[in-house]
Every structure is written in structure tokens, then in C-alpha cells.
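# An overview of the molecular structure
Each chain, written out:
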Amino acid sequence: MSVTASRPLLMDCDTGIDDAVALLYLCQTPGVDLRAVTTVAGNTSAERAALNTLQVLEAAGRTGVPVAAGADATLRGVVNADASFVHGDGGLGGVHLPAPAAAPDPRHAVDLIIDTARKAGGDLHILATAPLTNLALALREEPRLPELVSHVTVMGGAVHHPGNISAVAEANIGNDPEAAALVLAAGWDLTLVPLDVTMRENLTEAHRQRLLATGTPVSRLAGEILDFYFAFHEQTALPFRGSACHDPLAAGIAVGEVTPKLAPRVHVTVDTADGAARGALVADTRGLYRGYPEQPGANAVVVLETDGTFPELLVDRLCQVRK
Ligand code: RIB
Ligand code: CA
């Protein structure tokens, strides 16, 4: 499927390793109109994520994309800003890049989201690959935001799959459930890309060696930062040395390059109670054996199956030399 050309895109992320790989993929993909990047605490602090984002964009030869830092705490005031056991010291697998030439945009992420949406005149597509605090705050600041945004793609949640920060909660949803509940209830066109598919689209050591051997600034950076991520996955989540494709897969779906095999539109909310299921997605998939008939109150497309071919496409793209 071809990329949906010139669809204005804003990415809200917590630039850690897979966010960085997703950014590199977007920079390498013709027809992607990356208008802005906003950051939020999650894999690292919002500030550090903004600097990481600027460094990654510069490594990809992209300048002039405004990058603004946002929320450093959840709607409840909880600070989740250190997943260094997953993403390494500094958030990029312990790889320390030169200080970025550009400075973060002086606006708060919420203001950059709203300004970018207004400038895009209703065509903006938001790709969210982090806790949804910035989007929730933007909805509070500008209640008309859903009318200004054409689509939201969220990497997050787990439907028929275990969580990763608890038995049932995935990090982006589970680290700020109140924010996720607001985003899911906002009434915009929304697609969820959960662990059900991102854990089954795997990068392998052969992919990583190919990235390193290609040796371009983009492929080498991806290969280097993935090393730490592979070690984490091999030690905790996967039976082999490799990784999931969380944020890159969501990016591929957001730009229209990945066509899901199964993506029903159902009702989805989040458990915001303080019990064992806090942060769990509650997706009504009772249509499972009947082809998911249309569901009153459905508010999200949930990607439940993809064909497993994205990592190969991703590596091809990261290895391409862009003119
Ligand atoms: O659960 C995976 C998600 O949490 C990814 O977006 C990863 O970068 C972290 O933000
Ligand atoms: Ca992320």
C-alpha cells in the first residue's frame, strides 16, 4: 500500500529507542509531511526526549521540524520518566549523539499541537507513541481539537495480549490511564496499535547487522541504538535476540504503508480504578466469532492482526539512501 502522500503529520513521543526508529522511518519515507514533534515523559523525561528527537532528526538530515517538550508528569501528577532499563542511559540505548544544533521550540507541546492542528486546517494526522498526557491536556485547552484533527493513531494497549508494565497494562496507556480515557472518549477518528500486533512484528539480529553493514547515518544509528533494546527483549520478553516493533509499526500504519489483516471498530475505554487492572484497555471484542459486526458506541479501530512483513520493509527503508 502506498504512503498517504502529503498527509500533515505530528508525532507525540517519548523518544526512546523505538520512537527514534519510528522517526527515522518517517524521515526516510517519501510523501510523509512531518510538521512537528512533541514529547512527553515516559521512556525518559520530556526534555531529554525533545533533545533525543532533535538529534535523531539531524542524524536523518531533517532540519526545521519544530520539536517541543510537554508534560513531565501524568494528569495525576505522577512522574514516569525513567525507563532506562529498557531504553538505556539517556533513552537512546546508551548511544550519545552530538548536542543538537537546533534548540527545542519554546512553546509547550500542548501549544505546538494546537497551533499545528489549526495551521493544517483539519487535515492533521497525529501519531502518538507515548503516554497520552499531552493529547489529553490539548483537549482540555482546545475542546474543538477533534474537529481540527483528521485522525489519531496511538501505539498503545493490549487487547488479547498480556501487558508489559503489569499483567494487563501496556506502558503508553497504563502510565497515564486518565489521559488515555480522555483521548479515547474525545470523538475523533482513532486507531489503536496494541501489543497484540507490535509484539509479533519482530526485528532480528540479522536485520540489525544489515543496518550496521549498510553504514549510512540513518541505518547505522538505528543499528547502534537497537543493540540495548535487543538485549532487554531477549532478557525479559522474547525467546530470541531481537525486539518488538511498537512505534515503527504504528508509524507504518499511520502513513498508510501497512494494511492490517484485522482491525475492527469497537468500543474501547481504559480501567482507571486503582486496582489490579489499572491501565488495562477494555475493548469490546464480543464480535470475535461473528466477524465483528458494527457496534453501537464504537470509538476506535483496534489493529488485531498484521502480516508480520513490516520489519523487512522497515529495514529496507532505513537502508535506503535518500536523494
Ligand atoms: O509499550 C511500548 C511503548 O511504550 C512504546 O511506545 C515504547 O517507546 C514506550 O513508550
Ligand atoms: Ca514510545
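Given the structure is predicted, the values throughout are model-derived calculations rather than measurements.

### Some remarks on the pattern of salt bridges
All told, the structure shown has 17 salt bridges when counted by the stated rule. Between Arg 241 and Glu 205 there is a salt bridge; the shortest N-O distance is 3.0 Å. On the criterion of sequence distance, the pair formed by Arg 241 in the loop between α11 (217-236) and β8 (242-243) and Glu 205 in helix α10 (residues 205-214) is long-range, its members being 36 residues apart. Accessibility expressed as a relative area gives 24% for Arg 241, which makes it partly exposed. Across the pair Arg 208 and Asp 227 runs a salt bridge whose closest N-O atoms are separated by 3.5 Å. Taken together, the residues span a long stretch of sequence, with Arg 208 in helix α10 and Asp 227 in helix α11 at a distance of 19 residues. The network of salt bridges with shared partners includes Arg 76, Glu 178, Asp 274 and Arg 278.

### Digging into the sheet that holds strand β9 (residues 265-266)
Pairing in this open sheet of 8 strands is mixed, and the strands run β3-β2-β1-β4-β5-β6-β12-β9 from one edge to the other. The outermost strands of the open sheet, each flanked by one partner alone, are β3 (67-69) and β9. The sheet contact formed by strand β4 (residues 124-129) and strand β5 (residues 149-155) spans 5 bridges and is parallel. Pairing of His 125 across the sheet is with His 151, part of β5.

### Points about unusual backbone geometry
One non-glycine residue with positive phi stands out, namely Tyr 292, at about 50°. Summarising the element assignment, Tyr 292 is placed in the loop between β11 (281-283) and β12 (300-302).

### Considerations on the coordination of the calcium ion (ligand 2)
With distances of 2.2 to 2.7 Å, the protein atoms coordinating the calcium ion (ligand 2) are Asp 14 (OD), Asp 19 (OD), Asp 19 (OD), Thr 129 (O) and Asp 247 (OD). Each donor residue of the calcium ion (ligand 2) lies on the same chain, and together they follow the pattern D-x4-D-x109-T-x117-D. Placement of Asp 14 in the loop between β1 (7-13) and α1 (17-28) and of Asp 247 in helix α12 (residues 246-254) is noted, with a sequence separation of 233 residues between them. Asp 247 shares its class with Asp 14; the two are buried.

### Some details on the side chain of Thr 38
Examined against the element boundaries, Thr 38 turns out to sit in strand β2 (residues 32-39). Residue classification places Thr 38 among the buried positions, given a relative accessible area of 0%. Among the polar contacts listed, one links the side chain of Thr 38 to the side chain of Asp 12, at a separation of 2.5 Å. The residues touching Thr 38, leaving out its near neighbours within four places in the chain, are Leu 10, Met 11, Asp 12, Cys 13, Ala 68, Ala 109, Leu 112, Ile 113 and Asn 134.

### What to know about the site of ligand 1
Neighbouring ligand 1 are 13 residues; Asp 18, Asn 164, Glu 170, Asn 172 and Asp 247 lie closest to it. Interatomic distance of 2.5 Å between a side-chain N/O atom of Glu 170 and an oxygen atom of ligand 1. In the complex, 95% of the free accessible area of ligand 1, which totals 270 Å², lies under the protein chains. When residues of the shell around ligand 1 are traced back to their parent elements, those giving at least two are α1, α7 (171-174) and α12. Broken down by class, the residue content of the shell around ligand 1 amounts to 2 nonpolar, 6 polar and 5 charged.

About the cut-offs
- Residues numbered from 1 in each chain as written.
- Chains lettered and ligands numbered in written order.
- Predicted model: local features only at pLDDT ≥ 70, side-chain atom pairs only at ≥ 80, totals over all residues.
- Heavy atoms only, no water.
- Salt bridge = Lys/Arg side-chain N within 4 Å of Asp/Glu carboxyl O.
- Helix = DSSP H or I, 4+ residues; strand = E, 2+ residues; numbered from the N terminus.
- Buried < 20%, exposed > 50% of the residue type's maximum accessible area, 1.4 Å probe, protein only.
- Pairing = 2+ DSSP bridges.
- Donors = N, O, S within 2.8 Å, 3.2 Å for Na, K, Ca; no water.
- Polar contact = N/O pair within 3.5 Å; in protein donor to acceptor, adjacent residues only side chain to side chain.
- Contact = heavy atoms within 4.5 Å.
- Near = heavy atom within 4 Å.
- Areas by Shrake-Rupley, 256 points an atom, 1.4 Å probe, with all protein chains shown as cover.
- Nonpolar A, V, L, I, M, F, W, Y, C, P; charged D, E, K, R; others polar.

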